[in-house]
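So you can see what is in the structure, the chains are spelled out below.
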Amino acid sequence: MSFKLSLQQEKIQKFQTLTTIDAHTEGEPLRIILDGYPEVQGDTILAKRRHLQSELDHLRQVLMYEPRGHADMYGALLTEPTTEGSDFGILFMHNEGYSSMCGHGIIAAVTMAAEYANLEVANGSKRTIGIDAPAGKITAYAERDDQGELGVSFDNVESFVEVCDCRVQVPGFGEVTYDIAYGGAYYAYVDADAIDVACSPDNAEQLIQLGRSIKHAVMADYPLKHPTEEDLGFLYGTIFTSRKTDEEHSHSRHVCIFADGEVDRSPTGTGVSARIALLHHRGEVSPGQRINIESIIGSAMQVEIAEELDFEGKAAVIPRVFGTAFITGVNQFLVDQDDPLKHGFLIR
């Protein structure tokens with residue numbers, strides 16, 4: 001007879017409990033918080049994000065940091081909608097704080113809601129979902145074919161090119177040429193092939209170190225100011241691009257180093273959004289032309305231009321992004337107030 005450990009629920013009720021559903025989009029994790037957070041205050045989604053930063057950041061650390069998470073963990077908290085016509089709000093978190101927009105998070109949240117929660121999408125139908133994100137209103141689409149297979153995509157916020165072909169000295173490396181574009185977050189784009197940097201998992205350490213160094217060098221070289229929201233005017237990360245891909249039909253590969261050295265396992269939803277704005281600016285893609293962009297692990301997202309428009313005097317596009325998410329677990333995390341490491345820690 002084998003021994004079986006059985007939890008005594010009355011003995012764990014003393015702990016603070018946080019419940020999540022975990023998923024991944026093209027390999028990038030998303031921990032969606034279902035229960036355990038206090039109500040997030042604020043009349044706008046940006047105000048709610050500020051409330052998380054000032055009052056509830058210890059809970060981000062609990063769920064993102066070790067031992068419950070890791071340096072590359074990513075999370076999302078769903079809120080009540082803050083604008084008319086939206087179905088819900090969403091706030092994104094990571095090892096450094098809170099991001100303004102997250103494409104893989106949108107795809108995973110909509111997939112989880114349609115597959116495992118109360119977002120009904122009948123076979124042979126398409127549902128439009130309005131989502132309040134810090135970067136602005138996102139329109140997502142959940143569509144089932146006649147066999148019940150779910151497809152998810154979203155229209156991002158106005159995406160545009162900030163600057164092209166700038167040069168900066170990166171300590172310990174040398175001169176690097178970069179572009180900056182916005183797709184719900186600002187990224188510095190660097191041609192990895194031009195500087196002989198491999199965009200592969202076995203080169204992750206160099207990518208992290210160099211991505212961090214480039215980000216800080218660009219921040220010092222080119223201060224950013226978003227056209228409408230002060231809270232959005234910051235450089236989120238470095239994206240290395242490469243024409244060396246696993247699949248013949250892929251346009252390129254992305255490796256995104258964001259926040260405090262996080263490596264995106266997906267091609268990055270906001271990153272492919274800003275990239276297609278950059279490619280359109282250079283005359284390399286046309287509206288409606290869908291391209292396939294790979295990640296560091298060879299997974300892929302597709303992106304196309306759904307609309308061209310003017311945004312505060314800037315030539316902008318609305319990118320439409322496609323990707324696939326899967327559930328990986330449902331977790332009940334416990335916080336023992338006597339634990340000296342209750343709020344977690346990071347080695348990297």
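Residues numbered from 1 in each chain as written. Predicted model: local features only at pLDDT ≥ 70, side-chain atom pairs only at ≥ 80, totals over all residues. Heavy atoms only, no water.

Regarding the side chain of serine 266
Position of serine 266 among the secondary structure elements: in the loop between strand S14 (262–263) and helix H6 (269–281). Residue classification places serine 266 among the buried positions, given a relative accessible area of 0%. A distance of 3.0 Å separates a polar atom in the side chain of serine 266 from the backbone nitrogen of threonine 268. With near-sequence residues (within four places) excluded, serine 266 lies in contact with Thr25, Glu26, Glu28, His104, Ser295, Ser299 and Met301. (Helix = DSSP H or I, 4+ residues; strand = E, 2+ residues; numbered from the N terminus. Buried < 20%, exposed > 50% of the residue type's maximum accessible area, 1.4 Å probe, protein only. Polar contact = N/O pair within 3.5 Å; in protein donor to acceptor, adjacent residues only side chain to side chain. Contact = heavy atoms within 4.5 Å.)

Things to note about the pattern of salt bridges
All chains considered together, the criterion is met by 17 salt bridges. Here aspartate 72 makes a salt bridge to arginine 348, at a shortest N to O gap of 2.7 Å. In this pair, aspartate 72 sits in the loop between helix H3 (57–64) and strand S3 (75–79) while arginine 348 sits in the segment after strand S18 (325–335), placing the two residues 276 residues apart along the sequence. Measuring nitrogen to oxygen at the nearest pair gives 3.2 Å for the salt bridge that ties glutamate 294 to arginine 253. Remark: arginine 253 occurs in strand S13 (residues 252–258) and glutamate 294 occurs in strand S15 (residues 291–294); sequence separation between them is 41 residues. Summarising the burial analysis for this pair, glutamate 294 and arginine 253 share the class buried. The network of salt bridges with shared partners includes Asp72, Arg265 and Arg348. (Salt bridge = Lys/Arg side-chain N within 4 Å of Asp/Glu carboxyl O.)

Structural notes on H3
Among the eight residues in H3, six count as buried, and that is most of the element. Restricting attention to buried positions, one finds in H3 the residues Asp57, Leu59, Arg60, Val62, Leu63 and Met64.

Some points on the pairing of strand S7 (residues 136–144)
Side-chain direction in a regular strand flips from residue to residue, so the side chains alternate between the two faces of the sheet. Relative to S7, strand S6 (residues 126–133) is paired through eight bridges, and the arrangement is antiparallel. In the strand pairing of S7, lysine 126 is matched with glutamate 143. Turn length for the S6-S7 hairpin, with the two strands adjacent in sequence and antiparallel, is two residues. In the sheet, S7 pairs with strand S8 (residues 150–155) via six bridges, with the strands oriented antiparallel. Across the sheet, residue alanine 140 finds its bridge partner in S8, namely phenylalanine 154. In textbook terms, the turn of a hairpin is the stretch between consecutive antiparallel strands, and for S7 and S8 this stretch comprises five residues, one of which, glycine 148, has a positive phi near 95 degrees. (Pairing = 2+ DSSP bridges.)

Comments concerning the domain arrangement of the protein chain
Structurally, the protein chain comprises domain 1 (15–156 + 327–335) and domain 2 (159–320). Centre-to-centre, using C-alpha coordinates, domain 1 lies 23 Å away from domain 2. Of the residues lining the interface, 28 residues belong to domain 1; the matching set on domain 2 comes to 31 residues. Between domain 1 and domain 2 the total buried area reaches about 2,100 Å² when both faces are included, carbon and sulfur atoms providing 49% of it. (Domains from an automatic or database assignment. Buried area = accessible area lost by both parts, 1.4 Å probe.)

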